Amino acid sequence: MSSPHIRESSPVMENENPKSRFTYKHLCQLASFSPSSPLRVIAHIDLDAFYAQCEMVRLNIPENQPLAVQQWQSLIAVNYPAREFGVSRHCTVADAKKLCPYLVTQHVATWREGDDKWAYRKDAAANIASDKVSLDPYRLQSRKILQLIKESLPSHLQRVEKASIDEVFCDLSAQVHSILLERFPELTRPPPHGDLAERLPRPPVVALDWMADALVDLDEDAESQDPDWDDVAILIGSEIIRAVRTRIREKLRYTCSAGIANNKLLSKLGSAHKKPNQQTVIRSRAIQHFLSDLKITKIRNFGGKLGDNVTSAFGVETVRELLPTTLDQMKSKLGDETGTWVYSTIRGVDHSEVSSRTQIKSMLSAKSFRPAIRTVEQATPWLRIFAADISARLDEEDSRRRPKTMNLHHRHGGQTKSRQAAIPQGKALDAQLLFDLARTLLNQILSEGNVWPCMNLSLSVGSFEDSGVGNMGISGFLLKGEEAQALKSGAKDPGSPVVSDRPAAKRRRLDGAGQGGTGGIHRFLVKQSTTNDKSMSLAADNTKGHEDEDSDSGLHKGSEWQSEAGDAPSESLKCSRCGASFDCPEGFQSHQDWHLAKDLQDEERGQATAAAHPPPSARPKRPNGPTSSSKNGGRGGKIEHGQQKLTFGGS
Ligand code: CTP
Ligand code: CA
Ligand code: CA
């Protein structure tokens, strides 16, 4: 039985073109989420004007009311009614009110010293010196939405990856596979001669009803072709996502936009294509058409230096202009690795997997000081706030996962000093414990002298590990030397900080990003944090309204593609394809891109992909210990704790 959205073809049509372009193998691969299946269906969901919607929902504000979320005197989110007046994130509050006199500006919640929880405060904007922004309210909403998305998809057939505070990727392949078999029983028959390489029969349909989807156009000759199974698969994906979006709307009152395509790269471009409250389908036949008009710098990972390099090396702006460049030309100008990667990416090729295992690797709480602070008495209350903030966020996490290390960064002029300590185990991990340890670290830094004025303080915890599972075992291998040392010394002498003069960013170097060490693609894929100063200037960079960082929100400018891992040091990201472990999201990302380039190369050579056995060069150089097998259980099904009551000890 076919879906009501699919019109059946006449037998004549079938006879004209009896075979599909796709094989039984492609169909089988769909069931196991294989990135090699050309039939795979990936969706990207992105909430519209997210923080602004959170405030609208929280305050029960009518939908057509222009509203912006304010942080100090800047705007960090603007709803769509306000955008019609020309209000944007770049406006100050004063400018925005000139453009739109009835604009509601709601200040974000803040932490305040002496108060035991974050709160929405009427006087927050005037208290930049004493308050620190809290994004907790948005995190809580984000979690609810993620939970609902997971509940809306069949549990055994879903793969959902949280990509940022307001984005998720869903690999719908297995669910689409199951629906295909249900609707088209001919697909359940074994292949002729039992040969999976046989091509499938064509779908018994001539026209598909895409409902209200924004459908990316095809070139005329492509449009005149009958639909094939990739079209049917993506249409089913689109139906699934429409239902998910309706559910989010009905249950939680949020609107979102979505992109549906055959990979992550395209689905993400799709969700941004038509906003708000719309979904865009990019059929595989439409990929070239869709990408051609796109500016190269709009593509994921082309926003920064890589995009600049490519546009200047070839004197081009759009994908269309770059398409005639041959693979060899790209390799000769950009190097083999980068050239291959760029060549495939502008053709819409992306074999990266949707990973439902993303877990927070670190948490960071920070404050930039304007004006700078000059005494330990000024600094200490902030440590209390950071400790309370992190502790509250830890309480929201899976309680079995516990951070093992703490870092404190202190910025004075252009210099960032940092200290690290092992977090004592076997004690309750509360705000007081975090605060005490942070203060010890601060004292260490202060003892050096020449530390005032201080422009920025940031506290982070990392090296998360499942408690009760091993202690110095596997994780010891996975940690970078210095962190492992911190753990060891912590084990002997709990709480004694490890002193390190190495700048934070150096410790964050791209272990595992080397893949041959040729300075290839990974050079471009790293976030702008390679120098000591820049790593800490992320907060300051976002001059307007981003004084406060909290890195597990994944919101830093220029880091859209970052997951909740944030930018503090993080451990043991694991490649689902070959098991290699990485200690930073950048290295991990670069490794994924290596797989992609490799797949492409293999495809070109007509080889099967060797995903399960990448050559040694694919493996990170460090850390190279055993992989962490099944330690990282997913954190699905976690309940919403809501905001925890925090206790501030007296100082
Ligand atoms: N955000 C931020 N700083 C940035 C980018 C984003 O604080 N540099 C916040 C925004 O306030 C936003 C949320 O992160 O609400 C999600 O960002 P994004 O999806 O880029 O924008 P939206 O505001 O959701 O708007 P859109 O409808 O265009 O997605
Ligand atoms: Ca958004
Ligand atoms: Ca987003």
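Note that the structure is a prediction, hence the values are computed from the model and not measured. (Residues numbered from 1 in each chain as written. Chains lettered and ligands numbered in written order. Predicted model: local features only at pLDDT ≥ 70, side-chain atom pairs only at ≥ 80, totals over all residues. Heavy atoms only, no water.)

## Some words on the packing of aromatic side chains
Thinking step 1. Taken as a whole and assessed by the stated rule, the structure comprises 7 aromatic pairs.
Thinking step 2. With a centroid separation of 5.3 Å and 20 degrees between ring planes, the pair formed by Phe302 and Trp341 is classed as stacked. Highlighted residues: Phe302 in the loop between helix H11 (287-292) and helix H12 (305-314) and Trp341 in helix H15 (residues 336-345), separated in sequence by 39 residues. Of the two residues, Phe302 and Trp341, neither departs from the other in class, the shared state being buried. (Phe/Tyr/Trp six-rings, centres within 6.5 Å; stacked < 30°, edge-to-face > 60°. Helix = DSSP H or I, 4+ residues; strand = E, 2+ residues; numbered from the N terminus. Buried < 20%, exposed > 50% of the residue type's maximum accessible area, 1.4 Å probe, protein only.)

## Thoughts on the coordination of the calcium ion (ligand 2)
Thinking step 1. For the calcium ion (ligand 2), every protein donor is listed as Asp46 (OD), Leu47 (O) and Asp166 (OD), and the spread of their distances is 2.1 to 2.3 Å.
Thinking step 2. The motif formed by the donor residues of the calcium ion (ligand 2), counted along the single chain, is D-L-x118-D.
Thinking step 3. In this structure the calcium ion (ligand 3) is found 3.5 Å away from the calcium ion (ligand 2), and Asp46 serves as a bridging donor for the pair. Note that Asp46 is positioned in strand S3 (residues 42-47) and Asp166 in the loop between strand S9 (159-164) and strand S10 (167-171), a separation of 120 residues in sequence.
Thinking step 4. For Asp46, a relative accessible area of 12% corresponds to the buried category.
Thinking step 5. Its relative accessible area of 13% is what places Asp166 among the buried residues. (Donors = N, O, S within 2.8 Å, 3.2 Å for Na, K, Ca; no water.)

## Some points on the coordination of the calcium ion (ligand 3)
Tetrahedral coordination by four donors sets the ideal angle at the metal to 109.5 degrees; octahedral coordination by six donors sets it to 90 or 180 degrees.
Thinking step 1. Donor atoms from the polypeptide that bind the calcium ion (ligand 3) are Asp46 (OD), Asp166 (OD) and Glu167 (OE), placed at 2.2 to 2.5 Å.
Thinking step 2. The sequence motif formed by the donor residues of the calcium ion (ligand 3) is D-x119-D-E.

## Focus: the site of ligand 1
Thinking step 1. Around ligand 1, 15 residues are found, and the nearest of them are Ala49, Tyr51, Ile76, Tyr80 and Arg89.
Thinking step 2. Here Tyr80 contributes a side-chain N or O atom positioned 2.6 Å from an oxygen atom of ligand 1.
Thinking step 3. In this structure, an oxygen atom belonging to ligand 1 sits 3.0 Å away from a side-chain N or O atom of Asp166.
Thinking step 4. Look at ligand 1: alone it shows 550 Å² of surface, and the protein chains cover 83% of it. (Near = heavy atom within 4 Å. Polar contact = N/O pair within 3.5 Å; in protein donor to acceptor, adjacent residues only side chain to side chain. Areas by Shrake-Rupley, 256 points an atom, 1.4 Å probe, with all protein chains shown as cover.)

## Things to note about the nonpolar core
Thinking step 1. Counting 61 residues, the largest nonpolar core has Ile149 and Leu180 as its most contacted members.
Thinking step 2. It is helix H9 (residues 229-252) that provides the largest number of residues to this core, a total of 11 residues.
Thinking step 3. One finds Ala109, Leu433, Leu434 and Leu442 within the second-largest nonpolar core, a separate group that totals 38 residues. (Core = buried A, V, L, I, M, F, W, Y, C linked by side-chain atoms within 4.5 Å.)

## Description of the confidence of the model for the protein
Thinking step 1. Chain-level pLDDT for the protein is 76 on average; 68% of the residues reach the 70-or-more range.
Thinking step 2. Scored below 50 in pLDDT, residues 551-572 makes 91 contacts in the model with residues more than four places away or belonging to other chains.
Thinking step 3. Low confidence marks residues 604-651, where pLDDT is under 50. Its contacts with residues over four positions away, or in another chain, come to 107 contacts. (pLDDT = per-residue confidence, 0-100. Contact = heavy atoms within 4.5 Å.)

## Here's the deal with the sheet that holds strand S4 (residues 67-71)
Thinking step 1. With mixed pairing, 3 strands are arranged side by side in an open sheet as S5-S4-S6. Lying at the two open borders of the sheet, with one neighbouring strand each, are strand S5 (74-78) and strand S6 (104-107). When the angles between neighbouring strand axes are averaged without regard to direction, this sheet yields 35 degrees.
Thinking step 2. The sheet contact formed by S4 and S5 spans 4 bridges and is antiparallel. Counted as the bridge partner of Gln71 is Ser74 from S5.
Thinking step 3. Contacts between helix H3 (residues 50-59) and the sheet are confined to S4, S5 and S6, with S4 contributing the most and set at about 110 degrees to the helix. (Pairing = 2+ DSSP bridges. Axes fitted to C-alpha atoms, helices over the stretch in contact; angles between N-to-C directions.)

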